[in-house]
Amino acid sequence: MSNNVNNIVIGHVESAIFGDNSGVVNQGRSQPVAGSSQQCQHALIGPTDLIQLLQPILDTSHTRNRETSPPNSACFPGTRRNVIRKIVAWADSTLLWNTHVLWLYGYVGCGKSAIALAIALKYERRQRLVGSFFFFRNTGDRGRMTRFATTLACQLAAAIPEAATFIENAVKAEPGLLSSNLVAQLRRLLYEPFRLAAKRGRLLKTSFLKGPFLIVIDGLDECEDRQEVQTFIDDMLEFFKKNPLVPLRFLITSRVEQHIQRHLENAQVRLENLPLPIVGIAELLGIEAFEVVRVLVNLQAIIHIPDTDDLPVTMCHESLRDFLTTGTRSGVYFVSPLYHLKLSFDYFSLNLELPRDTSRRPSGLPRFCMQRCRDHSNEFLNAGSEQDFFAELNQLSYLPHRLFSYHLFSLTRVFFWIFGTDSHQRPQQVLQPLNECIESLALALECDSAPDKWLRTQMSEFGRFVGGPDPKEDVYCLEVDQEHAAKLQRNVERIETAIIAKCPDGLSESPTGNIDHFAGRHWFLDIWTPIEAYRFFEWINGHVQALGVKLAEPGVTYHFELCITRGDELRNRRITISRSM
């Protein structure tokens, strides 16, 4: 293509974008369709050949050859109507309070990619699709963020020719932009060009009359650049926060991965969970599909069993759950919301009993268990009180064959109840739950002959409970009297004794702090190990004992403030404790 030409027709870019969007890039054709009303459209992008300049990935959009560029999945005609209807209603809404991002999540085999494809095709036909990117692991750049922004920018230029000039101007203004970081590329090549183009007459009229434009991102969990994925999500949400009226929507699909979930579980994002099909349930449980059907046929009065194994299993009546959890309606069939804690413990125990060798366990089951463990735990906290929590938790201890699981569950559940990011669910008084947490760690150590295998395991591996945005600073109030101080000291000593006796190397690392402050190795507490949690408990105890000399006097209560502050580096927390006057 000559650099002397100002009006450039972007002809054939295989799999980069969709021919019917604007006629600028025509999938699978060397020229625009003869006789088409779009045959003579031109992208006025100046002398620069954007395709050669941006170097987009050519086999990552919804128009790729799915047989050679997986995933090769599509919805059967007439299926997935409910979830597609929900996504379309969201994407078409022009209400100011509508979210700009929808996260469609689910487990392996539940049809996320097929739905993403169906939505992309639908909005291509409506001429409101900006672009699509289908990640796939171990396929070079399709599994990385390296060319993510430039690929979407090229698709944007093809779908919305008005944006091409702004993209070219950005590249000219910043010669190093194409080798710059992800945030700079997304802002200068995608977000800003779209925002500026959207102010033009044609786009303004389209978004006003028909609805916002859409970008489809499928399989975000398949991207190997985890840190870049988090950066992409955070920057995208920041852009929409600053530009709430921009007529652009993102549909993102992925499995439930911690690095994605932590950032997308946000008030700015709408969440949609996909129910599992029969084959998905079978894969999670490591059994054959017919074995799942054999059980489900006995529940046909309340569960709809699909005609084929790859369609979702659903309830016949959506109100069944409300019926069962409302005592005045269900009577003897009433399921107390407090039972959620028992279900959370069951999923926790199942995950704990799975073989650690990944080759010997169903691939999706650990993640499924952790997610359900968290969901039921949070449901319980939303429904019950602090008194309910301890009463129900103590009921679980009457299962002697699962005593170790109980103590480890109690440790992680109480720890994240106190220090998790769901601040509205925290206990009002911290020290009693903290002592329960420390005692649970001591009991878990005492009833396990070889605790070394889990002492150094991230607590999120047992069941992740943290949710919501992580604040810059948290302050906790501790009311310490003689009884609580003595119990704290006693339990810390029990933990130390058990670790020295059963895994002498467990305390080989020195504490990461001093009497003035405790510096956690990681900002996110859910990736602390029980050893790191013990060091934290040890430090609190040392500080309480050092400051509370007069605690030996009965009836005297001291008030302490525990302040957890994020340091300059995202990975670190700085924790301080002081006595309130």
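Just so we're clear, the structure is a prediction, and the values are computed from it rather than from any experiment.

Each value, and the rule that gives it
- Here the residue numbering is sequential within each chain, running from 1 through the sequence in written order.
- With pLDDT at 70 or above as the cut-off, local features in this predicted model cover only qualifying residues; side-chain atom pairs require 80 or more to be listed or tallied, and sums for whole chains, interfaces and linings still use all residues.
- Hydrogens are left out, water is left out, and the side-chain values use all remaining heavy atoms of the structure.
- Secondary structure elements are taken from DSSP: a helix is a run of H or I of four residues or more, a strand is a run of E of two residues or more, and numbering for both begins at the N terminus.
- The term polar contact refers here to a pair of N or O atoms within 3.5 Å; inside protein, the definition further demands a hydrogen-donor-capable atom paired with an acceptor-capable atom, and it admits residues adjacent in sequence only when both atoms are side-chain atoms.
- The contact criterion used is simple: two residues touch if any of their non-hydrogen atoms lie within 4.5 Å.
- We define a nonpolar core as any set of buried Ala, Val, Leu, Ile, Met, Phe, Trp, Tyr and Cys residues linked to one another through side-chain atoms lying within 4.5 Å.
- Only protein chains enter the accessibility calculation, which uses a 1.4 Å probe; a residue whose area is less than 20% of its type maximum is buried, one above 50% is exposed, and one in between is partly exposed.
- Here pLDDT means the predictor's own confidence in every residue, given as a number from 0 to 100.
- Pairing of aromatic rings covers Phe, Tyr and Trp, the last through its six-membered ring, and needs centres within 6.5 Å; plane angles under 30 degrees mean stacked, over 60 mean edge-to-face, and all others mean tilted.
- Charge-over-ring placement is defined geometrically: NZ (Lys) or CZ (Arg) within 6 Å of the ring centre, and within 35 degrees of the ring normal.
- Expected span of a helix, by definition, is 1.5 Å for each gap between consecutive residues, and there is one gap fewer than residues.
- Axis lines are fitted to C-alpha atoms, over the contacting stretch for helices. Their N-to-C directions set the angle, which ranges from 0 to 180 degrees.
- Should an angle lie under 35 degrees it is considered roughly parallel, over 145 roughly antiparallel, and from 65 to 115 roughly perpendicular; all remaining angles are considered oblique.
- Left-handed describes a crossing in which the near helix is turned anticlockwise from the far one by less than a right angle; the clockwise case is right-handed.
- Charged means Asp, Glu, Lys or Arg here, nonpolar means Ala, Val, Leu, Ile, Met, Phe, Trp, Tyr, Cys or Pro, and polar covers whatever is left, Gly included.
- A pair is scored as a salt bridge if a Lys or Arg side-chain nitrogen falls within 4 Å of a carboxyl oxygen belonging to Asp or Glu.

Following Pro70, the chain continues into Pro71 via a peptide bond in cis, with omega recorded as 10°. If you trace the backbone, Pro71 turns up in the loop between helix H2 (50-54) and helix H3 (81-92). One non-glycine residue with positive phi stands out, namely Gln55, at about 50°. Mapped onto the secondary structure, Gln55 falls in the loop between H2 and H3.

Turning our attention to the side chain of Arg128. Here Arg128 is to be found in the loop between helix H4 (112-125) and strand S2 (129-134). Engagement of the side chain of Arg128 in a polar contact is seen with the backbone oxygen of Pro212, the distance being 2.9 Å. Setting aside residues up to four positions removed in sequence, Arg128 forms contacts with Ala91, Asp92, Tyr123, Thr206, Lys210, Gly211, Pro212, Phe213 and Leu214.

To continue, consider the nonpolar core. If you look at the biggest cluster of nonpolar residues, it comprises 85 residues, and the most contacted ones within it are Phe232 and Phe250. In this view, Phe250 contacts Trp90, His100, Val101, Leu102, Leu190, Tyr191, Leu214, Ile215, Ile217, Phe232, Met236 and Phe240; residues no more than four positions away in its chain are not counted. One finds Phe348, Leu396, Leu441 and Ala485 within the second-largest nonpolar core, a separate group that totals 59 residues.

Looking at the chain, pLDDT values average 79 and 78% of them are 70 or higher. For the stretch residues 1-48, pLDDT sits under 50, and the model shows 117 contacts to residues farther than four places along the chain or on other chains.

The next point concerns the side chain of Asn491. Here Asn491 shows up in helix H21 (residues 482-502). Judged by relative accessible area, Asn491 falls into the buried class, the value being 1%. Contact partners of Asn491, with chain neighbours within four places excluded, come to Asn435, Ile438, Glu439 and Ala442.

A few words on the packing of aromatic side chains. Tallied over the full model, the rule gives 27 aromatic pairs. Centroid distance Phe133 to Phe135: 4.5 Å. Interplanar angle 45°. Geometry classified as tilted. Of the two residues, Phe133 and Phe135, both sit in the buried class. Ring centres 6.3 Å apart and planes at 35° place the aromatic pair Phe536 and Phe537 in the tilted group. Grouping residues by exposure puts Phe536 and Phe537 together as buried. Site record: aromatic cluster; members linked through ring pairs are Phe133, Phe135, Phe148, Tyr191, Phe232, Phe239, Phe240 and Phe250. Sitting above the plane of the Phe134 ring, Arg64 keeps its charged end 4.5 Å from the centroid. For the cation-ring pair, Arg126 lies above Tyr123, with the distance from its terminal atom to the ring centre recorded as 5.1 Å.

Taking 1.5 Å as the rise per residue, helix H9 (residues 226-242) with 17 residues should run 24 Å; its terminal C-alpha atoms sit 25 Å apart, in good agreement. In the core, the buried residues of H9 are packed alongside strand S1 (101-105), helix H5 (148-159), helix H7 (182-197), strand S4 (248-254), helix H10 (258-264) and strand S5 (269-273).

Once that is clear, we can look at the environment of Leu177. Of note, Leu177 is situated in the loop between helix H6 (161-173) and H7. In sequence terms Leu177 and Arg188 are eleven residues apart; their C-alpha atoms lie 8.3 Å from each other. Once residues lying within four places of it in the same chain are set aside, the contact partners of Leu177 are Ala170, Val171, Ala184, Gln185, Arg188 and Leu189.

Okay, the packing of helix H15 (residues 340-353) against helix H18 (residues 403-419) next. Two elements in contact, H15 and H18, have axes separated by 10 Å at closest approach and are oriented at 115°. The angle between H15 and H18 places the two elements in the roughly perpendicular class. Considering the relative orientation of H15 and H18, their crossing is right-handed. Residues Leu341, Ser344, Phe345, Phe348, Ser349 and Leu352 of H15 pack against Phe404, Ser405, Tyr406, Leu408, Phe409 and Thr412 of H18. Across the contact of H15 with H18, the residue classes tally to eight nonpolar, four polar and no charged.

Moving on, we get to the pattern of salt bridges. One pass over the structure, following the stated rule, counts 22 salt bridges. A salt bridge links Arg494 to Glu439; the nearest nitrogen and oxygen atoms lie 3.8 Å apart. Of this pair, Arg494 sits in helix H21 while Glu439 sits in helix H19 (residues 431-446), placing them 55 residues apart in sequence. Overall, the relative accessible area of 24% leaves Arg494 in the partly exposed class. Its relative accessible area of 22% is what places Glu439 among the partly exposed residues. In this structure, Arg456 engages Asp452 in a salt bridge whose closest nitrogen and oxygen atoms are separated by 2.3 Å. Among the charged side chains, a network of salt bridges with common partners joins Arg137, Asp221, Glu222 and Arg255.

Let us now look at the packing of helix H16 (residues 365-383) against H18. The interhelical angle for the contact between H16 and H18, taken along N-to-C directions, is 60°, at an axis separation of 12 Å. By the angle class used here, H16 and H18 are oblique. In this structure, H16 meets H18 at a crossing whose hand is right-handed. In this structure, H16 uses Cys373, Ser377, Asn378 and Leu381 to contact H18, whose residues at the interface are Phe409, Arg413 and Trp417. Looking at side-chain class alone, the contact of H16 with H18 contains four nonpolar, two polar and one charged residues.

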